[in-house]
Amino acid sequence: MDYRAEPWRDLGGYRGRFVALRPPRCGEPRRPHGQSRHRRGCSGVKTVQAYRFALDLTPTQERAVLAHAGAARVAHNWTLARVKAVMDQRAAERSYGVADADLTPALGWSLPALRKAWNEAKSQVAPWWGECSKEAFNTGLDALARALKNWSDSRCGKRAGRPVGFPRFKSRRRSTPSVRFTTGTIRVEPDRKHVVLPRLGRLKLHESARKLARRLDAGTARILSATVRRDGGRWHVAFCVKVERAERSPGRPAAEVGVDLGIKHLAVLSTGEPVPNPRHLDTSARRMRRLAQRMSRRIGPDRRTGRRPSKRWEAARGQVARAHARVANLRRDGLHKLTTRLAGEYGTIVVEDLNVAGMLRNRRLARRIADAGFAELRRQLAYKTAWNGGRLVVADRWYPSSKTCSGCGAVKAKLALVERTYNCPTCGLTLDRDLNAARNLAALAHKATDARSGRESSNGRGADRKTRLSGPVAVKRQPGTASAGQAGTVPPQGGTSNHRLTKVH
Ligand SMILES: [Zn+2]
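How each quantity is defined
- Residues numbered from 1 in each chain as written.
- Predicted model: local features only at pLDDT ≥ 70, side-chain atom pairs only at ≥ 80, totals over all residues.
- Heavy atoms only, no water.
- Buried < 20%, exposed > 50% of the residue type's maximum accessible area, 1.4 Å probe, protein only.
- Helix = DSSP H or I, 4+ residues; strand = E, 2+ residues; numbered from the N terminus.
- Pairing = 2+ DSSP bridges.
- Phe/Tyr/Trp six-rings, centres within 6.5 Å; stacked < 30°, edge-to-face > 60°.
- Lys NZ or Arg CZ within 6 Å of the ring centre and 35° of its normal.
- Core = buried A, V, L, I, M, F, W, Y, C linked by side-chain atoms within 4.5 Å.
- Contact = heavy atoms within 4.5 Å.
- Axes fitted to C-alpha atoms, helices over the stretch in contact; angles between N-to-C directions.
- Parallel < 35°, antiparallel > 145°, perpendicular 65-115°, else oblique.
- Left-handed = near helix turned anticlockwise from the far one by under 90°.
- Nonpolar A, V, L, I, M, F, W, Y, C, P; charged D, E, K, R; others polar.
- Donors = N, O, S within 2.8 Å, 3.2 Å for Na, K, Ca; no water.
- Tetrahedral: all angles 85-135°; square planar, octahedral: opposite > 155°, others 65-115°.
- pLDDT = per-residue confidence, 0-100.
- Salt bridge = Lys/Arg side-chain N within 4 Å of Asp/Glu carboxyl O.

A. Region of the structure containing the pairing of strand S15 (residues 391-395). Where burial is concerned, most of S15 is hidden: five out of the five residues are buried. In terms of strand pairing, strand S14 (residues 346-352) meets S15 through five bridges, oriented parallel. Counted as the bridge partner of isoleucine 349 is leucine 392 from S15.

B. Spatial organisation of the packing of aromatic side chains. Enumeration according to the criterion identifies seven aromatic pairs in this entry. Each member of the aromatic cluster is reached from another via a ring pair, and the members are Trp78, Trp118, Trp128 and Phe137. Above the plane of the ring of tryptophan 387 lies arginine 245, whose end atom (NZ or CZ) is 3.8 Å from the centre.

C. Structural view of unusual backbone geometry. Backbone geometry at arginine 192 places phi at a positive 65°, although glycine is not the residue there. Inspection of the secondary structure puts arginine 192 in the loop between strand S5 (187-188) and strand S6 (194-197). Owing to a relative accessible area of 23%, arginine 192 belongs among the partly exposed residues under this scheme. One non-glycine residue, arginine 279, adopts positive backbone phi at about 50°. Position of arginine 279 among the secondary structure elements: in the loop between strand S13 (274-276) and helix H5 (280-283).

D. Region of interest: the nonpolar core. Membership of the largest hydrophobic core comes to 44 residues, with the highest contact counts inside it found for Phe53, Leu55, Leu197, Val228, Val237, Phe239 and Val241. If sequence neighbours within four positions are ignored, leucine 55 has contacts with Val195, Leu203, Lys204, Leu205, His206, Val228, Arg234, Trp235, His236 and Val237. Ala255, Leu261, Leu377 and Leu392 belong to the second largest nonpolar core, which has 23 residues in total.

E. Broad picture of the packing of helix H6 (residues 285-297) against helix H7 (residues 311-345). With their axes 8 Å apart at the nearest point, H6 and H7 run at an angle of 160° to one another. In terms of axis orientation, H6 runs roughly antiparallel to H7. Here the hand of the crossing between H6 and H7 comes out left-handed. Residue-level inspection shows Met288, Leu291, Ala292, Arg294 and Met295 of H6 in contact with H7, the latter providing Trp313, Ala316, Arg317, Gln319, Val320, Ala323, His324 and Val327. Broken down by class, the residue content of the contact of H6 with H7 amounts to nine nonpolar, two polar and two charged.

F. Structural detail: the coordination of the zinc ion. Listed as protein donors to the zinc ion are Cys405 (SG), Cys408 (SG), Cys424 (SG) and Cys427 (SG); their distances from the metal cover 2.2 to 2.3 Å. One can describe the donor arrangement at the zinc ion as tetrahedral, given that its four donor atoms subtend angles of 108 to 111° at the metal. Of note, the zinc ion draws all its donor residues from one chain, in the sequence arrangement C-x2-C-x15-C-x2-C. Cysteine 405 gets classed as buried once you look at its relative accessible area, which sits at 2%.

G. Examining the pairing of strand S9 (residues 234-245) more closely. Judged by how many residues are buried, S9 sits mostly within the fold: nine of 12 residues are covered. Bridge analysis of strand S3 (residues 45-56) against S9 gives 10 bridges, and the strand direction is antiparallel. Within the sheet, the bridge partner assigned to threonine 47 lies in S9 and is valine 243. Between the antiparallel neighbours strand S8 (residues 221-231) and S9 lie two residues, among them glycine 232 with a positive phi of about 60°.

H. The arrangement of the confidence of the model for the protein in detail. Per-residue confidence for the protein averages 81 on the pLDDT scale, and 80% of its residues sit at or above 70. Scored below 50 in pLDDT, residues 1-36 makes 95 contacts in the model with residues more than four places away or belonging to other chains. With pLDDT under 50 throughout, residues 451-505 is counted as low confidence; its partners more than four residues away or in other chains account for 101 contacts.

I. Focus on the pattern of salt bridges. Within the structure shown, the criterion is met by 27 salt bridges. A salt bridge links arginine 94 to aspartate 100, with the nearest nitrogen and oxygen atoms 3.9 Å apart. A residue is classified by how much of its surface remains accessible, and aspartate 100, at 58% relative accessible area, is exposed. Residues participating in the shared-partner salt-bridge network are Arg187, Glu189, Asp191 and Arg202.

J. Expanded view of the sheet that holds S13. Strand order in the open sheet formed by five strands is S13-S12-S11-S14-S15, with mixed pairing between adjacent strands. This sheet does not close on itself; its edge strands, each paired only once, are S13 and S15. Direction aside, neighbouring strands of the sheet carry axes that sit 25° apart on average. The strands that helix H10 (residues 374-388) touches are strand S11 (252-261), strand S12 (265-269), S14 and S15; relative to S15, the one it contacts most, it runs at about 140°.

K. Looking closely at the environment of isoleucine 349. As for its position among the elements, isoleucine 349 is in strand S14. Relative accessible area serves as the criterion here: at 0%, isoleucine 349 is assigned to the buried category. Between the C-alpha atoms of isoleucine 349 and valine 394, which are 45 residues apart in sequence, the distance is 8.4 Å. Non-local contacts of isoleucine 349, meaning those with residues more than four positions away in its chain, are made with Val257, Val259, Leu342, Ala343, Leu381, Thr385, Arg391, Leu392 and Val393.

Here it is as structure tokens:
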């Protein structure tokens, strides 16, 4: 089943808006048996999330979708070339000493400006434009506008994180075909097995859309857009939906759990429960290798000689793509099951602020860490705790969760990775290393509650720079000095944290 609800990550203006109006409640008892987790009547939590369904396209429909995706690419590439040409022209004119007022007029980089430029030229560039929905061209232009904005924001320091490169041309062979519809007829048919999209018409779903259809019927959801794209050899439609979610509370609002992420076990909970790491990539390694060998033995494309790939090479490539998609699906399924369970049960979840991007730069660890999906797990916990009325506490990156004794609070200066059990020289505690770390994290839940008026960082991406300075200091930190303010770093959704930290005690 490939049906998942996820918050939409790429929506200007809707980013992480979780409005919750419930007053803070203290020391809630466990919910009596049989009482519903849904609190109807309360003002709901409004979120934007995606509902994604697999499609069963007929060959004709597939050609139509590919034509639309190609139209998006043509609009993107032509407009990008135009932007570049104008930039180069202005730079050349400046180098000849032309006054600023006499330069070739600059081309605006906003979506409306790009659309205007495209609409003026489309009759020459793409005389076939009438055959595709205008939304197809808009898809490509919107992607370009956002790419240009990201690049310029990154250049002038307005955007945190790694530097963003200048937009590149989309290749027909290498880009993922995708088209997004934001206007026109977008609906789920009453049989819940078909959807209707502009121009493409009635498309059959591979699975039932009942979860979305129920919300649409109840009036708690509104479709903002629909994106059709191919991933892993299969077509999907993703509806971006504005949803009014019923207010919920976790099963045990007063309970907290520390989650220590690792590779041996995917996670160890402070309750003592280890969550096994399924290692899907390792499991499928043999099959992946065989498929890659099969592909390499067949006649692939060669850009130098202009050789086209053989049909059999294309088929082998499809098999490799499907194998990778399967691993990704298995991984996503496992993570969703774990995070749903945790967010549904515990009022407070404490995780470490792992530097996943940094760990991925370690060649020996990268594959395992990417396979475990730490970053995705943290992202899911952040929004699911918000949806369930719980809260997520993210421990400071330099908090010594492994080196601290969960019994007496003594901090070891060194703890080698091979030491799988924690032996405390001060109080004599002997405990599994990961469980010790998880218990330390769980203990942070109280400190974070005390520090709710303390420092708050608002951006997960910005954290990288801030903590680098304080890095070496953490090793010398004495027991008890890991201040609550540092421990109570907030979840990465801007704006939500303030509320969530004060919500549950
Ligand atoms: Zn101890």
